[in-house]
Amino acid sequence: MFLCLTGSPITIVKPEPEEFEYEACIPLKEENIDYDFPVSPDAADFSTSAPAETQTYLELAVDLPSFSVRGKKASGKSIVVLRDSAMKRWPVVYHERSSFRVLASGWKALAEANNIQKGDTCIISVENASESLLRLEINRK
C-alpha cells in the first residue's frame, strides 16, 4: 500500500525494493485489525459518563463499543481515538478485563490539555462509527 504525497519531500520510513519506488510515494505498513462490523444500531447510540478522579487515567463503568476499539489484543489492551471540543484527536490505550475498564496511556496528556480536574465528569459517546471515533465532552464541577 502507498500513500502519495504531492509537493512534499519523500520520507522513506522503511526501504523497499526498487520496484516500489514511485515519485512522491512512500510505502506504508499494512496491519490486520479486528473489527466487529457491522456496527449494531445500539452501538451508534452509545454514551457513558465517568467522574475524573485523577489526570493519570479514567475508569469506565461499561465496556466501550467493540467497533471503537482498534487492534484488540489478548492482553485486553487496545487503542481508542477520542476527539475533544477543540477537534483534536487523541489516541488512548484502553484496558479491558472482566470488571476493569480504563483509559490509560495517552489519557494524561489529553486530561492536561483539556484541564480535566478531579470532580469533572467525562462523557464519551460515538461521534463517527465508520471512523471508529469517540467524542469526549467534559462537564466541569
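Residues numbered from 1 in each chain as written. Predicted model: local features only at pLDDT ≥ 70, side-chain atom pairs only at ≥ 80, totals over all residues. Heavy atoms only, no water.

Asker: Kindly report on the pattern of salt bridges, identifying the contributing residues and their values.
Answerer: Tallied over the entire structure, the rule returns six salt bridges. Between Arg83 and Glu127 there is a salt bridge, with its nearest N and O atoms 2.6 Å apart. Here Glu127 lies in strand β8 (residues 121–128) and Arg83 lies in strand β5 (residues 77–83), a separation of 44 residues in the sequence. Among the residues examined, Arg83 registers a relative accessible area of 14% and is labelled buried. (Salt bridge = Lys/Arg side-chain N within 4 Å of Asp/Glu carboxyl O. Helix = DSSP H or I, 4+ residues; strand = E, 2+ residues; numbered from the N terminus. Buried < 20%, exposed > 50% of the residue type's maximum accessible area, 1.4 Å probe, protein only.)

Asker: Residue-level account of the nonpolar core, with values.
Answerer: Across soluble globular proteins, nonpolar side chains show a tendency to be buried alongside one another. Counting residues in each nonpolar core, the largest one holds 24 residues, and the members touching the most others are Leu64, Leu103, Trp107 and Ile124. Mapped onto this core, the elements with two or more residues apiece are β5, β6 (89–97), α2 (107–113), β8 and β9 (133–139). Discounting chain neighbours no more than four positions away, the residues touching Trp107 are Thr54, Gln55, Thr56, Tyr57, Leu58, Leu82, Val92, Ile116, Cys122 and Leu136. (Core = buried A, V, L, I, M, F, W, Y, C linked by side-chain atoms within 4.5 Å. Contact = heavy atoms within 4.5 Å.)

Asker: Could you give me a rundown of the environment of Pro91, with the residues and numbers involved?
Answerer: Note on placement: Pro91 falls in strand β6. Residues Pro91 and Leu133, spaced 42 residues apart in sequence, show a C-alpha to C-alpha distance of 9.9 Å.

Asker: Give a detailed account of the sheet that holds strand β4 (residues 58–59), specifying residues and quantitative values.
Answerer: Pairing in this open sheet of seven strands is mixed, and the strands run β3-β8-β9-β5-β6-β7-β4 from one edge to the other. Two strands bound the open sheet, and with one partner strand each, they are β3 (47–51) and β4. In this sheet, β6 lies alongside β5 in antiparallel orientation, the contact comprising seven bridges. Looking across to β6, one finds that Ile79 is bridged to Val93. (Pairing = 2+ DSSP bridges.)

Asker: Outline unusual backbone geometry, supporting the account with residue identities and numerical values.
Answerer: In this model, Met87 sits at a positive phi of 70°, which is unusual for a non-glycine residue. Counting through the fold element by element, Met87 comes out in the loop between β5 and β6. For Met87, a relative accessible area of 51% translates into the label exposed.

Asker: Break down the environment of Ile116 for me, with residues and values.
Answerer: Structurally, Ile116 can be placed in the loop between α2 and β8. Look at Ile116 and you get buried, because its relative accessible area is 1%. Spatially, the C-alpha atom of Ile116 lies 7.3 Å from that of Ala52, the residues being 64 residues apart in sequence. When neighbours within four sequence positions are excluded, Ile116 is seen to be in contact with Ala52, Gln55, Trp107, Leu110, Ala111, Cys122, Leu136, Ile138 and Arg140.

Asker: How would you summarise the pairing of β9 if you had to cite specific residues and measurements?
Answerer: Bridging between β5 and β9 involves three bridges; their strand directions are parallel. By the bridge assignment for β9, Val81 is matched with Leu133. Where β8 meets β9, seven bridges bridge the pair, whose relative direction is antiparallel. Residue pairing across strands places Thr121 opposite Asn139, the latter belonging to β9. If you look at the hairpin formed by β8 and β9, you'll find four residues sitting between the two strands, and Ser132 has a positive phi there, around 55°.

Asker: Which residues make up the packing of aromatic side chains, and what are the values?
Answerer: Given two aromatic rings, one states the distance between the centres and the angle between the planes to describe the pair. Under the counting rule described, the total for this entry stands at zero aromatic pairs. One Lys or Arg, Lys88, reaches over the ring of Trp90 and ends 4.1 Å from the middle of that ring. (Phe/Tyr/Trp six-rings, centres within 6.5 Å; stacked < 30°, edge-to-face > 60°. Lys NZ or Arg CZ within 6 Å of the ring centre and 35° of its normal.)

Asker: Mind laying out the pairing of β6, listing which residues take part and the relevant values?
Answerer: Between the antiparallel neighbours β5 and β6 lie five residues, among them Met87 with a positive phi of about 70°. One ladder, built from four bridges, connects β6 with strand β7 (residues 100–103); its direction is antiparallel. Paired with Tyr94 across the strands is Leu103, a residue of β7.

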